[in-house]
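Here are the chains, one letter per residue:
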Amino acid sequence: LGNGLLALAVTTLVAADPLIASQFPLTMLDSLQLLFLLVTFTLLLRGRLVLAGLAFGLFSETKFPILGLPVAILACLFLWRTTRSVKKLLLFFTATTFAYLLPYTYYFLLGHNILDWLGVQKWIATFYANSNLTPNVGSALSALLVGRYQNLFTKVWQMVPEWSPTWTVVTILAASGAARSLSGKWLLVSGFTLFSLLFFAIIPFWTRYLVLLLPFFYLTATKLIATLTPKLQMFLFGLLLISNIAVSNRVLFPTPESMVKQFVYNWRYGFFHDVYEDLTQASKTQSP
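Residues numbered from 1 in each chain as written. Predicted model: local features only at pLDDT ≥ 70, side-chain atom pairs only at ≥ 80, totals over all residues. Heavy atoms only, no water.

Draft legend 1. The overall build of the protein, seen in detail. Along its length, the protein carries 16 helices and two strands. For the protein, the C-alpha radius of gyration of 21 Å lies close to 19 Å, the compact-globule estimate for 288 residues. C-alpha atoms of the protein, sized along the principal axes, occupy 60 × 60 × 35 Å. Counting every position in the protein, which comprises 288 residues, the buried fraction comes to 40%. In the protein, 66% of the contacts between residues at least 6 apart in sequence involve partners at least 24 apart. The averaged location of the 9 negative side-chain charges in the protein is 17 Å from the averaged location of its 19 positive side-chain charges. (Helix = DSSP H or I, 4+ residues; strand = E, 2+ residues; numbered from the N terminus. Rg over C-alpha atoms; globule rule 2.2 N^0.38 Å. Buried < 20%, exposed > 50% of the residue type's maximum accessible area, 1.4 Å probe, protein only. Contact = heavy atoms within 4.5 Å. Lys, Arg positive; Asp, Glu negative; His and termini not counted. Charge placed at Lys NZ, Arg CZ, Asp CG, Glu CD.)

Here's what the structure looks like:
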């Protein structure tokens with residue numbers, strides 16, 4: 001952003017975002033994947049190609065790498081525009097391949113070969129291809145704009161508990177800001193913002209997928225906010241922050257009624273791990 005105060009403002013907004021805040025007590029792959037993607041883009045902007053490639057490999061490895069190809073294309077475009085070097089492209093993707101294979105080190109040490117590894121990758125792809133989940137088209141956009149999404153199991157439209165009015169403002173500003181800044185150092189962030197807006201709107205969607213998107217929305221929205229006068233910037237950031245904090249407080253400290261509703265939902269659809277995580281530490285360790 002080129003401005004320390006703006007950087008602090010957008011960082012605070014992200015930290016106070018209800019969906020991001022809801023991940024604080026959880027160990028979820030979405031947060032880990034977000035970390036590796038942010039590190040990848042940061043290191044690419046700094047020219048640390050080997051480290052960026054390692055981060056990108058770990059990003060692709062964390063979950064099924066359906067987002068690996070678009071991010072790879074953005075990385076290629078960025079590196080070619082900034083370096084015009086095939087060697088640097090090869091260096092980046094060599095590091096990516098190494099990092100992708102790194103978690104399989106013990107698997108190979110057990111005597112498995114590359115064909116066995118390819119069989120594992122095929123199994124993962126087949127698992128997702130045969131998940132039989134019908135895409136809830138448009139749910140990502142409706143979740144962002146009005147806080148409602150279509151449940152993949154029941155097909156009923158329901159409220160997003162983590163939705164904040166900030167999402168509506170940020171989504172509109174992000175789409176506009178990203179469309180205006182698809183060059184230079186903003187290619188990575190703006191390109192990913194626009195792609196993810198379209199991509200997540202047409203796939204089977206869960207609200208937690210927005211963990212990966214929201215920080216980029218905040219960034220591109222802030223780029224547009226930066227064109228306003230300082231007083232308007234402070235006023236808008238203040239409103240967005242108050243909205244986020246109010247909803248985050250409700251998410252982090254739910255009422256007994258909302259916890260019972262969530263418990264019933266988790267039990268009904270077999271999310272028994274979530275049921276376990278909602279129990280107190282004492283009840284987890286008590287013997288029958």
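Draft legend 2. Structural detail: the pattern of salt bridges. As enumerated under the stated definition, the model contains two salt bridges in all. When the shortest N-O distance is used, the salt bridge between R208 and D30 registers 3.2 Å. Of this pair, R208 sits in the loop between α11 (187–199) and α12 (214–225) while D30 sits in helix α3 (residues 29–46); the two residues are 178 residues apart in sequence, bridging distant segments of the chain. The network of salt bridges with common partners includes D30, K63 and R208. (Salt bridge = Lys/Arg side-chain N within 4 Å of Asp/Glu carboxyl O.)

Draft legend 3. A look at a nonpolar patch on the surface. Residues V260, F263, V264, W267 and F272 make up a contiguous nonpolar surface patch of about 520 Å² in total accessible area. The element contributing the most residues to the nonpolar patch is helix α14 (residues 256–268), with four residues. Tracing the sequence through the fold places V264 in helix α14. (Patch = residues over 30% accessible without salt bridge, like charges linked within 9 Å, V, L, I, M, F, W, Y side chains within 5 Å. Areas by Shrake-Rupley, 256 points an atom, 1.4 Å probe, with all protein chains shown as cover.)

Draft legend 4. Quick look at the nonpolar core. Membership of the largest hydrophobic core comes to 61 residues, with the highest contact counts inside it found for L44, W167 and L210. If we ignore the near neighbours within four places in the chain, the residues touching W167 are D17, P18, L19, A143, L144, V160, E162, T207, L210, L214 and Y218. (Core = buried A, V, L, I, M, F, W, Y, C linked by side-chain atoms within 4.5 Å.)

Draft legend 5. Structural detail: helix α8 (residues 114–129). A rise of 1.5 Å per residue sets the reference length of α8, with its 16 residues, at 22 Å; its end C-alpha atoms lie 22 Å apart and thus fit the reference within 8%. Of the residues flanking the start of α8, the one acting as N-cap is N113, its side-chain oxygen 3.0 Å from the backbone nitrogen of L115. (Expected span 1.5 Å × (residues − 1). Polar contact = N/O pair within 3.5 Å; in protein donor to acceptor, adjacent residues only side chain to side chain.)

Draft legend 6. Region of the structure containing the packing of helix α4 (residues 49–62) against helix α6 (residues 86–101). Two elements in contact, α4 and α6, have axes separated by 7 Å at closest approach and are oriented at 40°. In terms of orientation, α4 and α6 fall into the oblique class. α4 and α6 meet at a crossing whose hand is right-handed. Between α4 and α6, the residues in contact are L49, V50, A52, G53, L54, F56, G57, L58, S60 and E61 and K88, L91, F92, F93, A95, T96, F98, A99 and Y100, respectively. (Axes fitted to C-alpha atoms, helices over the stretch in contact; angles between N-to-C directions. Parallel < 35°, antiparallel > 145°, perpendicular 65-115°, else oblique. Left-handed = near helix turned anticlockwise from the far one by under 90°.)

Draft legend 7. Representation of the environment of T168 in the model. Structurally, T168 is set in helix α10 (residues 165–179). When sequence neighbours within four positions are dropped, the list of residues in contact with T168 reads L144, L145 and W163.

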